[in-house]
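Each chain is listed here by its residues.
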Amino acid sequence: MATPVKPLLAVENLRVRFEGETGVVEAVQGISFFIAPGETVALVGESGSGKSVAALSMLRLLPPSALVTAEGIYYRGRQTTTLGESQMRKLRGGEIGLVFQEPMTALNPVQPIATQLIEAISLDPEADTDPVALLARAVELLAWTGIPDPETRLQSYPHQLSGGQRQRVLIAMALARKPSLLIADEPTTALDVTIQAQILELLTRLRRELNMAMLLITHDLPMVRKCADRVYVMRQGVIVEQGPTETLFAAPRHPYTRALLAALPDANPPRRPENAPVLLAANQVKCHFPIKKGLFKRTVGWIKAVDEVSFTLRKGETLGVVGESGSGKTTLGETILRLNDGGGEIVFDGLDLMTGKREWQRTLRRRMQVVFQDPFSSLSPRMTVGEILAEGLMIHDLEPDPDKRRQAALAILAEVGIDPEALDRYPHQFSGGQRQRIAIARVMILKPELLVLDEPTSALDLSVQAQILKLLKKLQHDHGLAYLFVSHDLRVIRAMSHEVMVMQNGRVVEVGPTAELFAAPRHPYTRRLLAAALDLSTGGSDTPEVSTP
């Protein structure tokens, strides 16, 4: 293994296996890599490739069921496999900081941010233990990571912060002791495109100012191209390719690396179907939620989640709805489906959903279906796939014969690319991509005409995302489906949508054909979204530097 003279971290022949009731799983199979001081190294691969397991095993953070072996794990030339637990605790969070993927689970929900951040600071043996000094240091760290009004935010609980703010708190905690190496495990996966760009710029700036090395664990290739100096590509517990970032992206050698790069969404929007009739027309649609306070819970104001939104959607077309979290995208989809009370006019195939009778509203529900972001929580864990698919047929009285329901379920599974043998298995026995295919099959078995797709690919790896997008395009072509596609991923929106509608604070700020909107956005908010997406893909930022505290 070619390594520099003095790598900060060097891992040689690391192996991790888990022993369970179903046998032995070889999660990591003899990988070797190194990180130089001040360098950013990306560990890339799909879910299940062993990236996170490898990183956690180096710090002994895996459960007792994991058997970890290695010829050597060296930090600053010192073998860490022989260190005692007290010495490892000094290493973890001190010399090596960690930022996890989901800050809501990494932060304590019952403690304010101040308590958690001060605890991290006080672990430093050189820290000033005076309460006033600790609080001042906490404010300094939050300000350093770009959180506005840090004094006030310190008194907040995690649920009172946005996703980007929670991730900044985790970064502040990880950097409280100025580590030499930061391990960032999918630090931007669940964030909006503008917040992703901000977090990546923050990490890049901190690395530069602290001369800090970073191990970036991700499946997001554009992010890797922006941030990393070198890349290791993992598949099924093995490193299949490695090299400098630009070299690897320009001329990938391994078929798996080429497949990952080819899985990026198509930059060309689909062709609009000609002379298609209008299926859905929304006029001045709104959905306001009351703000209640006081002993008698009187309404003192309104949250205008959706405010006077109008659009039309034709058969066979896709309308992409984009915007940051809180812009009203998901609430709009729920209001269209009459899952939320709202106002305005919603006309589906000539029928007004807002004034129609409940009897035929239920009939229309079969024709208007939804696919959610997380199939694991939207599929019942106590029902087999066959029962999940048959449930809709029974609810809508479409097929009374159990044998014919089973045949219909087998047919739709084949159409979405799932083995028919899956019919008698449970959701937890499938991968994320397979569960999303099952969720799509659940709605397609009802033969709908409109699908509301609420972030259907945001939790998936790039290659699985590409497969789901290809499936959705095929189903739209074969069945003439109309899609209301809700997403904050502009690459996916451009690949799927005939027209794009941009929402901010519950209102539509811009709408137009996909190619035109991406080529020449008119509204400043749209330009900001597109600039953030471009920054993630190509690198570069004009964000001013902030001095290190």
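This is a predicted model, so every value here is computed, not measured. (Residues numbered from 1 in each chain as written. Predicted model: local features only at pLDDT ≥ 70, side-chain atom pairs only at ≥ 80, totals over all residues. Heavy atoms only, no water.)

**Student:** Outline the sheet that holds strand 9 (residues 213-218), listing residues and values.
**Tutor:** An order of 7-8-9-3-10-11 is seen for the six strands of this open sheet, with the pairing classed as mixed. In this open sheet, the two strands that pair with only one neighbour each are strand 7 (96-99) and strand 11 (238-244). Strand-to-strand twist across the sheet, computed as the mean angle between neighbouring axes with direction ignored, equals 15 degrees. As paired strands, strand 7 and strand 8 (residues 181-185) are joined by four bridges and run parallel to one another. The residue bridging Ile 96 from the neighbouring strand is Leu 181, located in strand 8. Where helix 7 (residues 163-174) meets the sheet, its contacts fall on strand 7 and strand 8, and the angle it forms with strand 7 comes to roughly 170 degrees. The strands touched by helix 11 (residues 255-262) are strand 3 (40-44), strand 10 (230-235) and strand 11; relative to strand 10, the strand with the most contacts, the crossing angle is about 100 degrees. (Pairing = 2+ DSSP bridges. Helix = DSSP H or I, 4+ residues; strand = E, 2+ residues; numbered from the N terminus. Axes fitted to C-alpha atoms, helices over the stretch in contact; angles between N-to-C directions. Contact = heavy atoms within 4.5 Å.)

**Student:** Talk me through the confidence of the model for the chain; I want residue IDs and the actual numbers.
**Tutor:** Across the chain, pLDDT averages 87, with 94% of residues at or above 70. Low pLDDT (under 50) marks residues 539-549, which in the prediction has 22 contacts with non-local residues, meaning those over four places away or in another chain. (pLDDT = per-residue confidence, 0-100.)

**Student:** Which residues make up the pattern of salt bridges, and what are the values?
**Tutor:** Side-chain pairs of opposite charge can arise whenever the charged atoms involved come near each other. Per the counting criterion, the structure on display carries 20 salt bridges. Here Arg 225 ties to Glu 246 by a salt bridge, and the two come within 3.8 Å at their closest N and O atoms. Of this pair, Arg 225 sits in helix 9 (residues 221-227) while Glu 246 sits in helix 10 (residues 245-250), and the two are 21 residues apart along the sequence. The salt bridge partner of Arg 367 is Glu 449, with a shortest N-O separation of 2.5 Å. Taken together, the residues span a long stretch of sequence, with Arg 367 in helix 13 (residues 358-367) and Glu 449 in the loop between helix 17 (432-444) and strand 18 (450-454) at a distance of 82 residues. Overall, Arg 367 belongs to the buried group, its relative accessible area being 14%. Connected through salt bridges with shared partners, the residues Arg 272, Glu 317 and Glu 499 form a single ionic network. (Salt bridge = Lys/Arg side-chain N within 4 Å of Asp/Glu carboxyl O. Buried < 20%, exposed > 50% of the residue type's maximum accessible area, 1.4 Å probe, protein only.)

**Student:** Requested: an account of the packing of helix 17 against helix 18 (residues 462-479), with residues and values cited.
**Tutor:** In contact at an axis separation of 10 Å, helix 17 and helix 18 are set at 15 degrees when each is read in the N-to-C sense. Comparing their axes, helix 18 and helix 17 come out roughly parallel. In terms of crossing hand, the pair formed by helix 17 and helix 18 is right-handed. Across the interface between the two elements, Gly 433, Gln 436, Arg 437, Ile 440 and Met 444 from helix 17 touch Val 464, Gln 467, Ile 468, Leu 471, Leu 472, Leu 475 and His 479 from helix 18. Grouping the constituent residues of the contact of helix 17 with helix 18 by class yields seven nonpolar, four polar and one charged. (Parallel < 35°, antiparallel > 145°, perpendicular 65-115°, else oblique. Left-handed = near helix turned anticlockwise from the far one by under 90°. Nonpolar A, V, L, I, M, F, W, Y, C, P; charged D, E, K, R; others polar.)

**Student:** Now, about the nonpolar core: what can you tell me, with residues and values included?
**Tutor:** With 51 residues, the main nonpolar core has Leu 389, Ile 440, Met 444, Leu 472, Tyr 483, Phe 485 and Leu 490 as its most contacted residues. Listed in part, the 36 residues of the second largest apolar core include Val 41, Leu 43, Leu 62 and Ile 73. (Core = buried A, V, L, I, M, F, W, Y, C linked by side-chain atoms within 4.5 Å.)

**Student:** Account for the pairing of strand 11, naming residues and giving values.
**Tutor:** The pairing of strand 10 with strand 11 spans six bridges and is antiparallel. If you follow Arg 235 over to strand 11, its bridge partner there is Val 238. What sits between the antiparallel neighbours strand 10 and strand 11 is a turn of two residues, in which Gln 236 has the positive phi angle 50 degrees.

**Student:** How would you summarise empty space enclosed by the protein if you had to cite specific residues and measurements?
**Tutor:** A full pass over the atoms with the stated rule returns seven cavities of 30 Å³ or more. By volume, the largest cavity is sized at about 320 Å³. Looking at the largest cavity, it is lined by 22 residues, and the ones nearest its centre are Thr 189, Gln 196, Asp 220, Asp 489 and Arg 491. Looking at the lining of the largest cavity, the elements with two or more residues in it are helix 8 (193-210), helix 9, helix 18, helix 19 (490-496) and helix 21 (524-538). Within this model, the second largest cavity holds a volume of roughly 60 Å³. What lines the second largest cavity is Lys 329, Thr 330, Gly 333, Glu 334, Leu 337, Leu 339, Val 370, Phe 372, Val 452, Asp 454 and Val 486. At the level of elements, helix 12 (329-336) and strand 18 are the ones that each hand at least two residues to the lining of the second largest cavity. For the lining of the second largest cavity, a count of residues per class yields six nonpolar, two polar and three charged. (1 Å grid on protein atoms, 1.4 Å probe; cavity = no way out; pocket = protein on both sides within 12 Å on 5 of 7 lines; lining within 4 Å. Points joined across faces, edges and corners; volume = space filled by probe spheres on them.)

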